[in-house]
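# Structural overview for review
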Amino acid sequence: MNRFKSTAAAFAFMLAATLATPCCAAHDVAGVHFDDQTSLANQALVLNGAGVRVKMIIKVYAVGLYVPRKDTAPAAILNQPGPKSIRIVMLRDVSAEKLTEALMQGIHDNVSAADRQGLQPRLDALEAAMRNAGEATKGSQIQLDYLPGIGTRVTMGGKPLGRDIAGDDFYRALLKIWLGERPSDRSLKGDLLGQS
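The following paragraphs examine the structure supplied in this document. (Residues numbered from 1 in each chain as written. Predicted model: local features only at pLDDT ≥ 70, side-chain atom pairs only at ≥ 80, totals over all residues. Heavy atoms only, no water.)

### Considerations on the overall build of the chain
Looking only at helices and strands, one finds six helices and nine strands in the chain. For the chain, buried positions account for 41% of its 196 residues. In the chain, 59% of the contacts between residues at least 6 apart in sequence involve partners at least 24 apart. As displayed, the chain has an accessible area near 10,800 Å², and 55% of this comes from carbon and sulfur atoms. (Helix = DSSP H or I, 4+ residues; strand = E, 2+ residues; numbered from the N terminus. Buried < 20%, exposed > 50% of the residue type's maximum accessible area, 1.4 Å probe, protein only. Contact = heavy atoms within 4.5 Å. Areas by Shrake-Rupley, 256 points an atom, 1.4 Å probe, with all protein chains shown as cover.)

This is the structure we're talking about:
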């Protein structure tokens, strides 16, 4: 009987440990690998979640969200201090024009008109940089990094697209494309928040 109890206790412990481990952490998404951790501005970041942007059954890109501390609440992620990174890997060729339009539409859908007015010169700078990038080909990586004290740095294939864009308010507006009240893809929002 004692042997049965000890075996049952060991099984219960293993089950509890398994359940305590974050479930379904998305590391490989549509053939794209996202590391559990990375660093930015000399600070360690963790993968909060990853998923695929699907538009009308077509997989457009895989995306991972890196933050200093994991959280499942959108407001907590948006207001979390420190560096952050959105990493996008294209799953198909998309013209710079279409990609830019999608980003701008996502901001328009999730940022008030008054806030957009304050952001407009910086949105114009982002739009110009993205349009000058040319086509985002399958496999190319786009990073939207927030560097405290510097701002948002957009790179494609490791090369900066335009100048850094000042303000944490600007990066919050970008994050709302995926984490706002009207996200581009609700399923993807849940994936990035580690809720699925």
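### Here we look at the pairing of strand E3 (residues 37–40)
Regular strands place side chains that alternate from one sheet face to the opposite one. Bridging between E3 and strand E4 (residues 43–55) involves four bridges; their strand directions are antiparallel. Bridge assignment links Thr38 to a residue of E4, and that residue is Leu45. (Pairing = 2+ DSSP bridges.)

### Thoughts on the packing of aromatic side chains
Taken as a whole and judged by the stated rule, the model has one aromatic pair. Geometrically, the ring pair formed by Tyr146 and Tyr171 is tilted, given 5.6 Å between the ring centres and 40 degrees between the ring planes. One end of the pair, Tyr146, is in strand E7 (residues 141–147); the other, Tyr171, is in helix H5 (residues 168–179), and 25 residues separate them in sequence. Tyr146 gets classed as buried once you look at its relative accessible area, which sits at 11%. What makes Tyr171 buried here is its relative accessible area of 2%. Across from the ring centre of Tyr66, 5.1 Å away, lies the NZ or CZ of Arg87, which sits over that ring. (Phe/Tyr/Trp six-rings, centres within 6.5 Å; stacked < 30°, edge-to-face > 60°. Lys NZ or Arg CZ within 6 Å of the ring centre and 35° of its normal.)

### Re H5
Counted at 1.5 Å a residue, the expected span for H5 with its twelve residues is 16 Å, and the 15 Å between its end C-alpha atoms agrees. Regarding H5, the residues found buried are Phe170, Tyr171, Ala173, Leu174, Leu175, Ile177, Trp178 and Leu179. (Expected span 1.5 Å × (residues − 1).)

### Side note on helix H4 (residues 113–132)
Approximately 60 degrees is the largest bend angle found in H4, and it occurs at Leu119, with the proline Pro121 only one to four residues beyond. Residues of H4 that are buried: Arg116, Leu119, Leu123, Leu126, Ala129 and Met130. The elements touched by buried residues of H4 are helix H3 (96–110), strand E8 (151–156) and H5. Directly after H4, the chain includes Gly134, whose backbone phi takes a positive value near 80 degrees. (Bend = angle between axes of the 7 residues up to and from the residue.)

### Let's talk about the nonpolar core
Counting 40 residues, the largest nonpolar core has Ile86, Ile88, Ile142 and Trp178 as its most contacted members. Among the nonpolar cores identified, the runner-up in size contains 13 residues, and Leu47, Ala50, Val52 and Val89 belong to it. (Core = buried A, V, L, I, M, F, W, Y, C linked by side-chain atoms within 4.5 Å.)

### Focus: the pattern of salt bridges
Inspection of every chain in the model, using the stated rule, returns five salt bridges. The salt bridge partner of Arg122 is Asp169, with a shortest N-O separation of 2.8 Å. With Arg122 in helix H4 and Asp169 in helix H5, this residue pair connects regions lying 47 residues apart in the sequence. Residue class for Arg122 comes out partly exposed when judged on its relative accessible area of 21%. As a salt-bridge pair, Arg153 and Asp164 come within 2.8 Å of each other at their nearest N and O atoms. Residue Arg153 is found in strand E8, and its partner Asp164 is found in the loop between strand E9 (159–160) and H5; the two are separated by eleven residues along the sequence. (Salt bridge = Lys/Arg side-chain N within 4 Å of Asp/Glu carboxyl O.)

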